[in-house]
Amino acid sequence: MAINDLKDLYIHELKDLYSANSQSLEIHNKLRDACSNGEACSKMKRVIDGINDGISAVKSICERHSVSPDGE
């Protein structure tokens, strides 16, 4: 993606943030699956919920700009 103006940069950064959150979610899901301590598992669930909220927020912003968040 060529960055020609501030909007292009903004979209690029949104896609990058979406990608980073998606990768983080994948790792945290693996950590949750390996978790055996009840308190740690509970905290991991809250972290995963927060990451999902972030992904949803970025996806919503991208949709308002008529772009897909995928592809970074």
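The model shown is predicted, which means the values in this text are computed figures rather than measured ones.

What counts and how
- Residues numbered from 1 in each chain as written.
- Predicted model: local features only at pLDDT ≥ 70, side-chain atom pairs only at ≥ 80, totals over all residues.
- Heavy atoms only, no water.
- Disulfide = S-S within 2.5 Å.
- Buried < 20%, exposed > 50% of the residue type's maximum accessible area, 1.4 Å probe, protein only.
- Helix = DSSP H or I, 4+ residues; strand = E, 2+ residues; numbered from the N terminus.
- Expected span 1.5 Å × (residues − 1).
- Contact = heavy atoms within 4.5 Å.

Q: With reference to specific residues and values, describe the state of the cysteines.
A: In this structure the tally under the stated criterion is 1 disulfide. A sulfur-sulfur separation of 2.2 Å characterises the disulfide bridge that pairs C35 with C41. An S-S torsion of about -120° defines the bridge between C35 and C41 as left-handed. Accessibility expressed as a relative area gives 23% for C35, which makes it partly exposed. Here C41 falls in the partly exposed class, since its relative accessible area comes to 22%.

Q: Describe unusual backbone geometry, listing the residues and the values that go with them.
A: Positive phi is not limited to glycine here, since S66 has a value of about 60°. Note on placement: S66 falls in the segment after α2 (38-64). The exposure class of S66 is exposed, given its relative accessible area of 68%.

Q: I'd like a rundown of α2, residues and numbers included.
A: Here α2 contains 27 residues, and its C-alpha end-to-end distance of 39 Å stays within 8% of the 39 Å for a straight helix at 1.5 Å per residue. Along α2, the residues classified as buried are M44, I48, I51, I55, V58 and C62. Packed against the buried residues of α2 are α1 (6-34). Once α2 finishes, S66 follows within two positions and takes phi at roughly 60°, a positive value.

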